[in-house]
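# A look at the structure
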Amino acid sequence: MLKAKMPKIPKPIRATFLFVAAVAILLAFTVLDGRDEKRTCPLHDVPLKVGSVPISYGLPVFETEYWKARTEQFPFANSTYGGGCMPKIRRIAIVRYCPICRDAEKEWETSAQPD
Ligand SMILES: [Zn+2]
């Protein structure tokens, strides 16, 4: 009987493959794709960038001043991602964000700090 011989994969390559596979599986369970279809910030008319942000779980309560500023000055800062009320395993979300909105949000947070 003819027996087909499989080529031996060197140990370092096998180990690298297993490491990459483990990282890919880990990311699949811990990272959420929170990107929506919008590609341009309607306020600043610049292309949105892609980045990762922490997912916050629970019911967010924003102060009125923050919510007003967020809506009017930095609607696409997307510096966090609301994951809903029930905590899940995922801790990181991939989102689209506007760099100008992010700067405006940071500036607002700095100026809103009490003396
Ligand atoms: Zn913007």
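Everything below is about the structure shown above.
Structural notes, computed from the coordinates. (Residues numbered from 1 in each chain as written. Predicted model: local features only at pLDDT ≥ 70, side-chain atom pairs only at ≥ 80, totals over all residues.)

### A word on the sheet that holds strand β2 (residues 49-56)
The mixed open sheet is built from four strands, whose spatial order is β1-β4-β2-β3. The open sheet has two free edges, formed respectively by β1 (31-33) and β3 (81-82), since each of these has just one partner strand. Bridge analysis of β2 against strand β4 (residues 92-97) gives six bridges, and the strand direction is antiparallel. Bridged to K49 within β4 is Y97. (Pairing = 2+ DSSP bridges. Helix = DSSP H or I, 4+ residues; strand = E, 2+ residues; numbered from the N terminus.)

### What to know about the nonpolar core
Among soluble globular proteins, nonpolar side chains are generally buried collectively. By size, the foremost hydrophobic cluster in this structure holds twelve residues: C41, L48, I55, F74, F76, A77, A93, V95, Y97, C98, C101 and A104. Here this core gets three residues from one element, more than from any other, and that element is β4. When neighbours within four sequence positions are excluded, C98 is seen to be in contact with C41, H44, V46, L48, F76 and A77. (Core = buried A, V, L, I, M, F, W, Y, C linked by C-beta atoms within 7 Å. Buried ≥ 20, exposed ≤ 12 C-beta atoms within 10 Å, placed from the backbone. Contact = placed C-beta atoms within 7 Å.)

### Considerations on the pairing of β4
Alternating positions in β4 separate cleanly, A93, V95 and Y97 being buried on one face and I92, I94 and R96 remaining unburied on the opposite face. Here β1 pairs with β4 via three bridges, running parallel. Along β4, the bridge assignment pairs D33 with I94.

### Quick look at unusual backbone geometry
Phi is positive for D45, close to 55°, though the residue is something other than glycine. Inspection of the secondary structure puts D45 in the loop between β1 and β2. Phi at N78 takes a positive value of approximately 40°, unusual for a residue other than glycine. Here N78 is to be found in the loop between α2 (64-73) and β3.

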